[in-house]
Amino acid sequence: MPIEPPVSTPRDLSEAYALLSDGAGWRPIAGGTDLMVQITGELSEPPEHVLDIWRLDQLRGISVGHDGATLTIGALTTYTEIRRSSAVREHLPALAEAAATIGAAQIQNRGTIGGNIVNASPAGDTLPVLLAADAAIVLGSARGERTIAAAGFWTGYRETARSADELVLGVEFPLQSGRTLRFRKVGTRRAQAISKVVMALAYRADGGVWRDVRVALGSVAATPVRARETEGVLEGAAARKSSADHAAATIVREITPIDDVRSTAAYRRAVTGRILHRMLREEGGW
Ligand SMILES: Cc1cc2nc3c(=O)[nH]c(=O)nc-3n(C[C@H](O)[C@H](O)[C@H](O)COP(=O)(O)OP(=O)(O)OC[C@H]3O[C@@H](n4cnc5c(N)ncnc54)[C@H](O)[C@@H]3O)c2cc1C
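Model, not experiment: these values are computed from the prediction.

## A short note on the nonpolar core
In this structure, Leu95, Ile117, Leu130, Ile137, Trp154, Phe173 and Leu181 are the most contacted members of the largest nonpolar core, which totals 40 residues. There are two domains that each give this core at least three residues, and those are domain 2 (59-174) and domain 3 (196-284). Ignoring any residue separated from it by four or fewer positions in sequence, one finds Ile117 in contact with Leu127, Leu130, Ile137, Phe153, Trp154, Thr160 and Val171.

Dropping the structure here:
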């Protein structure tokens, strides 16, 4: 039997906000690459009413602020747009790299960064990049706009700090000169692979010492997470093999992966330690 919940296509944000606050349980649909998989209700709660936001062009686009301090990406921006953006490639190459690993061309042409954020899968590939970059998520509703740090957005397994009447409008990335952000995804194949482990690492190399360290991970816990104990081990540590050894041993203990169809917990632990060690070694040059 075809499953066709009622669909409404608002022409502007205020129309979308009015519907989202009318109590009828509207679920936004952007690219539909996650929602259409859920629509039969076999995998999760199916949407009762669908709010098609694809035409809200004000939620598209990539821009760098006049002061050069922030890169903003609209929620409806697709992975193809992200990976082709000269601004992203210049200021946030790790995000372009992450976008290029998602699905394959069909998914990259349709899937959006806003959808990845709200779908809140622990395996969402852009999410560790947002965490490591200290990004902020901008939300809007009839009640106004607010901004939430990525570090506080994913609150439980597939749960977020977003209220049902809110749309994600976009993501703001602070641009910090001298800071390096790196990305690594481990999956079964180079394309069409949901990650076994995904990592983003950010740091500033300051006279042979690591500073402002962020280690963010996907697919190793119920939510995308920062490995704060490991960050603490690296913060202020000399860029030497002994620090990398200590950090790798710490992260293997700190994460809480599970066995599932894509990998085992033991493999996830082992590979997480190794990719962190390798990234640090490449930076340290020993
Ligand atoms: C074959 C295949 C391969 C895939 N491979 C990967 C992969 O490698 N890595 C990966 O991370 N993901 C992957 N995905 C998952 C998916 O493509 C991404 O999560 C994508 O970013 C979802 O974006 P979307 O625009 O299609 O979201 P949609 O399906 O439209 O929506 C997803 C969820 O977000 C909500 N939503 C969307 N936009 C907004 C908004 N602006 N405000 C509020 N709520 C919103 C919807 O209500 C829904 O709950 C894959 C999916 C498929 C089908």
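## Topic: the site of the ligand
The local shell around the ligand holds 33 residues, among which Pro28, Thr33, Asp34, Tyr79 and Thr112 are the closest. Summarising the interface, the protein chains cover 90% of the accessible area of the ligand, which totals 980 Å² for the free molecule. At the level of elements, strand E2 (26-29), helix H7 (113-119) and strand E10 (167-174) are the ones that each hand at least two residues to the shell around the ligand. No other element matches H7, which puts five residues into the shell around the ligand. When the residues that make up the shell around the ligand are grouped by side-chain class, the tally is 15 nonpolar, 13 polar and five charged. Split by domain, the shell around the ligand shows at least three residues from each of two domains, domain 1 (7-52) and domain 2 (59-174).

## Here we look at the pairing of strand E13 (residues 209-218)
Taking burial as the measure, the 10 residues of E13 include eight buried ones, the bulk of the element. Of the strand pairs in this sheet, E13 and strand E14 (residues 225-226) are connected by two bridges, and their pairing is antiparallel. Paired with Ala216 across the strands is Arg226, a residue of E14. A loop of six residues connects E13 with E14, the two strands running antiparallel in sequence, and Ser219 in this loop sits at a positive phi of about 70°.

## Overview of the packing of aromatic side chains
Following the criterion strictly, the structure yields one aromatic pair and no others. On the basis of an interplanar angle of 85° and a centroid distance of 5.4 Å, the ring pair of Phe153 and Trp154 is categorised as edge-to-face. For Trp154, a relative accessible area of 8% puts it in the buried group. It is Arg60 that lies over the ring of Trp54; its NZ or CZ is 4.6 Å from the centre. The ring of Trp54 is capped by Arg110, whose NZ or CZ atom sits 4.1 Å from the centre of that ring.

## Side note on a positive patch on the surface
There is a patch of like positive charges on the surface, built from Arg184, Arg274, Arg278 and Arg281. Of all the elements, helix H11 (residues 265-284) adds the most residues to the positive patch, at three residues. Checked against the element boundaries, Arg281 lands in helix H11.

## Some details on the packing of helix H10 (residues 241-254) against H11
The geometry of H10 relative to H11 is characterised by a closest axis approach of 8 Å and an angle of 155° between their N-to-C directions. When the interaxial angle is binned, H10 and H11 end up roughly antiparallel. In terms of crossing hand, the pair formed by H10 and H11 is right-handed. Facing H10, whose interface residues are Lys241, Ala244, Asp245, Ala247, Ala248, Ile251, Val252 and Arg253, H11 presents Arg269, Thr272, Gly273, Leu276, His277 and Leu280. Partitioning the contact of H10 with H11 into residue classes produces seven nonpolar, three polar and four charged.

## Topic: the environment of Ala132
Relative to the helices and strands, Ala132 resides in helix H8 (residues 127-132). The class for Ala132 is buried, based on a relative accessible area of 0%. Considered as a pair, Ala132 and Pro93 are 39 residues apart in the sequence and their alpha carbons are 13 Å apart. When neighbours within four sequence positions are excluded, Ala132 is seen to be in contact with Arg179, Leu181, Ala200, Leu201, Ala202, Arg214 and Ala216.

## Description of the domain arrangement of the chain
You can read the domains of the chain as domain 1 (7-52), domain 2 (59-174) and domain 3 (196-284). For domain 1 and domain 2, the distance between their C-alpha centroids amounts to 19 Å. Each partner contributes to the interface: domain 1 provides 11 residues, whereas domain 2 provides 18 residues. Overall, the association of domain 1 and domain 2 removes approximately 1100 Å² of surface from exposure, summing both partners, and the carbon and sulfur fraction of that is 64%.

## Quick word on the sheet that holds E13
Reading across the sheet, the four strands line up as E11-E12-E13-E14 and stay open at both edges, with antiparallel pairing between neighbours. Each edge of the open sheet carries a strand with a single partner, namely strand E11 (179-186) and E14. Sheet analysis places strand E12 (residues 197-206) next to E13, joined by eight bridges and oriented antiparallel. Residue pairing in the sheet places Leu201 in a bridge with Val215 of E13.

## Considerations on the layout of surface pockets
A volume near 310 Å³ is recorded for the second largest pocket. Around the second largest pocket, the lining residues are Glu97, Ala100, Thr101, Phe183, Arg184, Lys185, Val186, Gly187, Arg189, Arg190 and Ala193. Counting only elements with at least two residues in the lining of the second largest pocket, the list comes to helix H5 (93-100) and E11. Top element by residues in the lining of the second largest pocket is E11. It accounts for four residues.

The rules we used
Residues numbered from 1 in each chain as written. Predicted model: local features only at pLDDT ≥ 70, side-chain atom pairs only at ≥ 80, totals over all residues. Heavy atoms only, no water. Core = buried A, V, L, I, M, F, W, Y, C linked by side-chain atoms within 4.5 Å. Buried < 20%, exposed > 50% of the residue type's maximum accessible area, 1.4 Å probe, protein only. Domains from an automatic or database assignment. Contact = heavy atoms within 4.5 Å. Near = heavy atom within 4 Å. Areas by Shrake-Rupley, 256 points an atom, 1.4 Å probe, with all protein chains shown as cover. Helix = DSSP H or I, 4+ residues; strand = E, 2+ residues; numbered from the N terminus. Nonpolar A, V, L, I, M, F, W, Y, C, P; charged D, E, K, R; others polar. Pairing = 2+ DSSP bridges. Phe/Tyr/Trp six-rings, centres within 6.5 Å; stacked < 30°, edge-to-face > 60°. Lys NZ or Arg CZ within 6 Å of the ring centre and 35° of its normal. Patch = residues over 30% accessible without salt bridge, like charges linked within 9 Å, V, L, I, M, F, W, Y side chains within 5 Å. Salt bridge = Lys/Arg side-chain N within 4 Å of Asp/Glu carboxyl O. Lys, Arg positive; Asp, Glu negative; His and termini not counted. Charge placed at Lys NZ, Arg CZ, Asp CG, Glu CD. Axes fitted to C-alpha atoms, helices over the stretch in contact; angles between N-to-C directions. Parallel < 35°, antiparallel > 145°, perpendicular 65-115°, else oblique. Left-handed = near helix turned anticlockwise from the far one by under 90°. Buried area = accessible area lost by both parts, 1.4 Å probe. 1 Å grid on protein atoms, 1.4 Å probe; cavity = no way out; pocket = protein on both sides within 12 Å on 5 of 7 lines; lining within 4 Å. Points joined across faces, edges and corners; volume = space filled by probe spheres on them.

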